[in-house]
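Architecture and fold: a report
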Amino acid sequence: MVQDYHEFLAEVLISEEQLQHRIHELGEEISNDYKDEDQLLLVCILRGGVMFLTDLMRSIRHPHAIEFMAVSSYGVGRRETSGQTRITLDLNTDIQDKNVILVEDIIDSGFTLASVLEMLSLRKPRSLSVCTLLDKAERREVYVPLKYVGFTISNKFVFGYGLDIDDYYRNLPFVGVVDLARYKPAS
Ligand code: 5GP
Ligand code: MG
Ligand code: MG
């Protein structure tokens, strides 16, 4: 059985209304920043960035294309990442000369993003920037340039709005904090 999230929800950290409001602002900002640019491409990192991408793209007035990629990190624990990242699903598009915005759910240590940025920059995009919904700034272990940040949050494990706990709960329209003492992994 997969547990009902009400049983371990410590608090709603960011409500659906707060998310939608902020994402609309980000969309406006991106539309303005790229208004004189051609070939805008949003690259979503699966799977956590999916909800954010679909709302964000509706808020961007400037014409753009979308793409997806997936990476896997070899972590030290189930909820942490280490330095090693591998592309498990690559882009279908050549990004050379394109204005690429990487769309991410959350930046924690920064290791995943740093290695994705390194791999993509070798393909010579015209520009490469990052838009993340959440930033756990105090957890950063490696510098990563973040051009657009939805919310800076403290060091709590969050779920919902694309973010999973053991692959579930991505569908929730808000970002919640897990009470790990009350969370029971499905058996
Ligand atoms: P980083 O490489 O920056 O340490 O880790 C980024 C990845 O770790 C995110 O894309 C996400 O998959 C996962 N992650 C980090 N913090 C959280 C969190 O609070 N909740 C969830 N669900 N995933 C997280
Ligand atoms: Mg991610
Ligand atoms: Mg995850």
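The preceding data block contains the structure.
Keep in mind that what you see is a predicted model, and the values were worked out from it rather than measured.

In this section: the coordination of the magnesium ion (ligand 2). At this site the magnesium ion (ligand 2) is bound by E104 (OE) and D105 (OD), with donor distances of 2.2 Å. When sorted by exposure, E104 lands in the same class as D105, which is buried.

Of all 9 residues making up strand β5 (residues 99-107), 9 are buried, and the element is well covered by its neighbours. Here 5 bridges tie strand β2 (residues 40-46) to β5, and the two strands are oriented parallel to one another. The residue bridging L40 from the neighbouring strand is N99, located in β5. Taken together, β5, helix α3 (residues 111-121) and strand β6 (residues 127-135) constitute a β-α-β crossover, and its handedness is right-handed.

Further remarks concern the side chain of D55. Counting through the fold element by element, D55 comes out in helix α2 (residues 50-59). You can call D55 buried: its relative accessible area is 15%. Here R58 takes part through its side chain, which lies 3.0 Å from a polar atom of the side chain of D55. Residue contacts for D55: discarding those within four places in its chain leaves Q20, I23 and Y161.

Calculation rules
Residues numbered from 1 in each chain as written. Chains lettered and ligands numbered in written order. Predicted model: local features only at pLDDT ≥ 70, side-chain atom pairs only at ≥ 80, totals over all residues. Heavy atoms only, no water. Donors = N, O, S within 2.8 Å, 3.2 Å for Na, K, Ca; no water. Buried < 20%, exposed > 50% of the residue type's maximum accessible area, 1.4 Å probe, protein only. Helix = DSSP H or I, 4+ residues; strand = E, 2+ residues; numbered from the N terminus. Pairing = 2+ DSSP bridges. Right-handed = clockwise from strand over helix to strand, strands pointing away. Polar contact = N/O pair within 3.5 Å; in protein donor to acceptor, adjacent residues only side chain to side chain. Contact = heavy atoms within 4.5 Å.

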